[in-house]
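# What the coordinates show
So you can see what is in the structure, the chains are spelled out below.
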Amino acid sequence: MEVPENMVGEVSAAHALAGGDAQRIGWFRFYFEGERWEWSPQVEAMHGYAPGTAHPTTELVLSHKHPDDMGRVAATLDDIRRNATAFSTRHRIIDTAGNIHHVVVVGCRLYDHFGTVIGSNGFYVDVTPMMQRETEARVTEAVAANAEARARIAQTKGLLMVVYRLDAHTAFHPLRWRSQECNIKLRRIAEQLVEDFSGLECGETLPSRETYDGLFMTVHLRVKS
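Reading the values: the criteria
Residues numbered from 1 in each chain as written. Predicted model: local features only at pLDDT ≥ 70, side-chain atom pairs only at ≥ 80, totals over all residues. Heavy atoms only, no water. Pairing = 2+ DSSP bridges. Helix = DSSP H or I, 4+ residues; strand = E, 2+ residues; numbered from the N terminus. Axes fitted to C-alpha atoms, helices over the stretch in contact; angles between N-to-C directions. Contact = heavy atoms within 4.5 Å. Parallel < 35°, antiparallel > 145°, perpendicular 65-115°, else oblique. Left-handed = near helix turned anticlockwise from the far one by under 90°. 1 Å grid on protein atoms, 1.4 Å probe; cavity = no way out; pocket = protein on both sides within 12 Å on 5 of 7 lines; lining within 4 Å. Points joined across faces, edges and corners; volume = space filled by probe spheres on them. Nonpolar A, V, L, I, M, F, W, Y, C, P; charged D, E, K, R; others polar.

As a general point, the strands of a sheet are linked pairwise by backbone hydrogen bonds and lie either parallel or antiparallel. The antiparallel open sheet is built from five strands, whose spatial order is 2-1-5-4-3. Because the sheet does not close on itself, it has two edges, and the strands there are strand 2 (36-39) and strand 3 (87-94). Within the sheet, the average angular offset between the axes of one strand and its neighbour, ignoring direction, is 25°. Relative to strand 2, strand 1 (residues 25-31) is paired through four bridges, and the arrangement is antiparallel. Looking across to strand 2, one finds that Phe28 is bridged to Trp39. In the packing of helix 4 (residues 67-83) onto the sheet, the strands contacted are strand 1, strand 2, strand 3 and strand 5 (117-126), and the crossing angle to strand 3 comes to about 145°. Of the strands in this sheet, strand 3, strand 4 (100-111) and strand 5 touch helix 10 (residues 209-217), which is tilted by about 85° from strand 5.

Spelled out as structure tokens, the structure:
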């Protein structure tokens, strides 16, 4: 499958993250004009397709949603179209073999070169029990260089666990994905997210999910050099 030049970084990050497991995390893009979708090979695999064989449309995307979740997802998609909103959702998809995958999907506004919102882009994380069984030892071995880094990464994982309702193992994957996509060390991404989330002003109610989504998707813009 030919990859547009402006997606090379995203594809490389997704492949690096997959680590041989194609059903972990991957990116998507949805363009309002023509209702055009693009999926990374990892998202294709989550839906049961071999790389380069899926031709996603809105109809196909919705056809893979679990019947009990389809109405909610369809409503979210309608809101994205009408209001160009950022979003995050947790729901189930059914792949071509009939297997159920629990996924977290986070998307932000997609802009063209003129600053016009033309769609949505973001990532899928497969949070099925298979992924949740990954051990903490494997996580820390892969990313922790010292005790201070481990503590900060663990703190950031805890924040993502609360915001997106993930377990300890799965919360690490979006953090690592953001690090590799932006080519910034994971420790620095973690430190910035802790600063960003801790700096939010909380009144009687917590900040909106969109506020957290926006900070997460733009964290690379605030990492100190």
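Helices that pack against each other are described as a pair by the angle of their axes relative to one another and the distance between those axes. For the pair helix 8 (residues 168-182) and helix 9 (residues 186-198), the least separation of the axes is 9 Å and the interaxial angle reads 115°. One finds that helix 8 runs roughly perpendicular with respect to helix 9. Relative to helix 9, helix 8 is oriented so that their crossing is right-handed. Seen from helix 8, the contacting residues are Phe172, Leu175, Arg176 and Ser179; seen from helix 9, they are Leu186, Ile189, Ala190 and Leu193.

Okay, empty space enclosed by the protein next. Over the atoms, a rolled probe matching the size of one water molecule traces out where space is still vacant. In this structure the tally under the stated criterion is two cavities of 30 Å³ or more. Here the largest cavity defines a volume of roughly 160 Å³. Taken together, the elements giving at least two residues each to the lining of the largest cavity come down to strand 1, helix 4, strand 3 and strand 5. Across the lining of the largest cavity, the residue classes break down as 10 nonpolar, four polar and one charged. One number sums up the size of the second largest cavity: a volume of about 40 Å³. Lining the second largest cavity are Val104, Val106, Phe123, Val125, Tyr164, Leu166 and Pro174. Of all the elements in the fold, those that place two or more residues in the lining of the second largest cavity are strand 4 and strand 5. Grouping the constituent residues of the lining of the second largest cavity by class yields seven nonpolar, no polar and no charged.

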